[in-house]
Structures are given as C-alpha cells and as structure tokens.
Amino acid sequence: MVLEGNPEVGSPRTSDLQHPENQGSCVLSSPSEDTQPGQEPIKYGELIVLGYNGCLASGDKGRRRSRLALSRRPHANGVKPDVMHHISTPLVSKALSNRGQHSISYTLSRSHSVIVEYTHDSDTDMFQIGRSTENMIDFVVTDTSPGGGAAEGPSAQSTISRYACRILCDRRPPYTTRIYAAGFDASSNIFLGVENESNVLQDGSLIDLCGATLLWRTPAGLLRAPTLKQLEAQRQEANAARPQCPVGLSTLAFPSPARGRTAPDKQQPWVYVRCGHVHGYHGWGCRRERGRQERECPLCRLVGPYVPLWLGQEAGLCLDPGPPSHAFAPCGHVCSEKTARYWAQTPLPHGTHAFHAACPFCGAWLTGEHGCVRLIFQGPLD
C-alpha cells in the first residue's frame, strides 16, 4: 500500500509475513559514527501499529509500544549472505551449533536442506520485530484486538511469531529499507520451510504479522502528516466554534488528550453514525427492538448507532493536516475527510485469509455504505 503525496492514492499492497520464527537493542536517538555532535541521527522511518490511538492501552513502555522510530545505529549491525551449504535435513541442528554465526536454514524436502551462513554487513542496520521480549528484538509487538486492546496475559494465545521479521536499512542515501520474513532467534538462527523474499518498503506499506498490522512511514511521508501540535490546534479551534447540541442546546467540546480515553466527558460530542448529526449525550430515543445501542436521530429520524466522538491522536495514520470533519462508523474516531475515506477504502488483513476495512485508530471493523460519515455540527444560536 502506498500513501502518495499527490491526491491520487495508490492501490493497497501488504507484505504477508506468516513464517514462524541478533543482536542489538532499539536505538531511537543515539548518535551514529557519521553524525556530528549536536546533530540528530538519520531517521530511516517509523513503524506504527494499527489499532492504537497514540499509545498502547497500558501505555508505551520500552520496546513494547505502538510506534517505533528506526534511526541509524552508532555502529552497523546488519548481516548479508556469505556461504551456502547443502546438507541432509537430520543434520541441520548439528550444523547450526555456532551461536556467533548468523544462519538461515531452508527445508526443501525431507532429506534436503540448505543452510546459508551470514556475515557482518557494514553498510546496513538491522532491526528485529516479534512478540519475544529477548534482547535481540527491537520492537515487541502483541496481538491487536478491535477496539484498541491487546491480547495480553498468560492465557492469551498469540498468533504473532516470536521472531516475526527483520528490517535492513541502508546506512547511505537513499536509505533503502527492506523487510524479510522471520528474525534471528537467540541462537542466531532462522528455520524456514520456503525461501525468504525481500521487499523494499515504501511510504504507506503495510506489514501483516498475522495478529497485528504495522504501517511503515518514511520521513518524507511524515512531513505530509499533521504534527501533534497541529492536532491540538484543531481541537482547540473546533471547541472555540462552540458547537451546540441541537436538542439540549448545551455547548459541546472535545476533551483534552491528556485526560486519556476513559468515560466520555459531560461536554463530549456524540454522533448518530448513520446521518452524522452531532448531539450531546441523552438517554432517550432507544429502539427496544434493536437494542440500547440503536437510537433514532431527533432531527432526521434515521435509526442507528449513537456513539461518543474521539479525536484521532496518532498523527502518523493521517494523510493530511485537514480539519476533523469525518468520523469512522461505528467507533466514532474523528479525522480529516481524506484520511477517513482512504482508510475506509483500504482492506486490512484479518486472520490469515480475510481482509476488512477497519478504523486505524482502534481496529474496529467499519460498517455502513461508506465506513465513515461527515459530521454535522450546529453552531451557537447567539
């Protein structure tokens, strides 16, 4: 999938990394050997986990977070193919006894395997991703469930590989970034049933880890996205317009992100997602035959979900700094029209064979004809 800077958005494309199963820890801001004192290190890009609105539900901690910037390391830790061996499959484990030597084993048949030994590459940096918390993993990713939650705890069964994938970044311009299925384990080995294929990441590429989906953003692509300051300015501008509930005539306001997403605020805007009319919260209008979540809009009489509105706070998921004019249905996350329409038309991986459009801020499946709705606010009467 490509998020271009021009109005024409590229067709979706995903990197499907279903293969199961180095060194170095996550480096976000350490100066590299080519960086002058006081200068920021070269940033290759950022990985963003879809389904989170700015941070994990339990908070970003260390290598377990919703967003990770990949920057040039102080010293190169990349690897490249060196020597290839053809060997009998039963002898593979004995041949992979050297933990100091990175290697990949390809099983071609019951009696034939290929071992490729890797050597140090001074021209690339390597970053590893997976659910393992061992030191060789730079970005610890857990399964994402609709609603922005994570499948955590000892009873939760993860579908993400412990060593899901690795990314190699060229240390020299144009800083080409490639992704490879599977990562090196604690013994510096990878076992695969089929040969690994590389893929050059572009701005907007999606990485399917079979349990979580990552979005790759380049520095150039992030320049087209809004900043957190711009998102906050938009919130304040929307509140300064003093939108009102057309029935209760109370003034509505989006809460500050500093409050976190707990219970809706008393001034929180609510929306009928079928029509887009924005109101304050009220407890009437329920349709018994459709459940408590179905309400009848008092302005247009359309019946549908009635949910609180939450501003999208993950800037890297936005295509432009446009005003927050649209909401995803049925979750109520708000963003610009261009961002809403793009994600509503983008099928995201679900399981191993299915695709479905989802809100990028919480992972909820989108419903309705368009998956999003234009918000209709009523201004102050004075």
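Provided above is the structure to which this section pertains.
Report on the accompanying structure. The structure presented is a predicted model; accordingly, all values stated were derived computationally and were not measured.

### Details of unusual backbone geometry
Note: most residues except glycine have negative phi, and most peptide bonds are trans. Of note, the amide linkage connecting proline 173 to proline 174 takes the cis form, showing an omega dihedral of 5°. Relative to the helices and strands, proline 174 is located in the loop between β11 (165-170) and β12 (177-181).

### A closer look at the sheet that holds strand β23 (residues 326-328)
Note on sheets: strands pair through backbone hydrogen bonds, and any given pair is parallel or antiparallel. The 4 strands lie next to each other as β22-β24-β23-β27, forming an open sheet whose pairing is mixed. Sheet topology places β22 (310-311) and β27 (372-374) at the edges, where each strand pairs with a single neighbour. With 2 bridges joining them, β23 and strand β24 (residues 333-335) adopt antiparallel strand pairing. Residue histidine 326 lies in a different strand from β24, and its bridge partner there is cysteine 335. Relative to the sheet, helix α4 (residues 337-344) contacts β23, β24 and β27, its axis offset from that of β23 by approximately 30°.

### Remarks on the pairing of strand β6 (residues 113-121)
Looking at chain direction, strand β4 (residues 78-87) and β6 are connected through 9 bridges and run antiparallel. Looking across to β6, one finds that valine 83 is bridged to glutamate 117. In the sheet, strand β5 (residues 103-107) pairs with β6 via 5 bridges, with the strands oriented antiparallel. Residue isoleucine 104 lies in a different strand from β6, and its bridge partner there is valine 116. Adjacent in sequence and paired antiparallel, β5 and β6 are bridged by 5 residues.

### Section: helix α3 (residues 228-240)
Taking 1.5 Å as the rise per residue, α3 with 13 residues should run 18 Å; its terminal C-alpha atoms sit 18 Å apart, in good agreement. Of the positions making up α3, those classed as buried are Leu231, Gln234, Arg235 and Asn239. Around the axis of α3, the buried residues are gathered within 130° of arc, so they sit on the same side. Residues Lys229, Glu237 and Ala240 are exposed on α3 and point more than 90 degrees away from its buried face. Contacts from the buried residues of α3 go to β22.

Rules and cut-offs
Residues numbered from 1 in each chain as written. Predicted model: local features only at pLDDT ≥ 70, side-chain atom pairs only at ≥ 80, totals over all residues. Heavy atoms only, no water. Helix = DSSP H or I, 4+ residues; strand = E, 2+ residues; numbered from the N terminus. Pairing = 2+ DSSP bridges. Contact = heavy atoms within 4.5 Å. Axes fitted to C-alpha atoms, helices over the stretch in contact; angles between N-to-C directions. Expected span 1.5 Å × (residues − 1). Buried < 20%, exposed > 50% of the residue type's maximum accessible area, 1.4 Å probe, protein only. Arc of directions from axis to C-beta.

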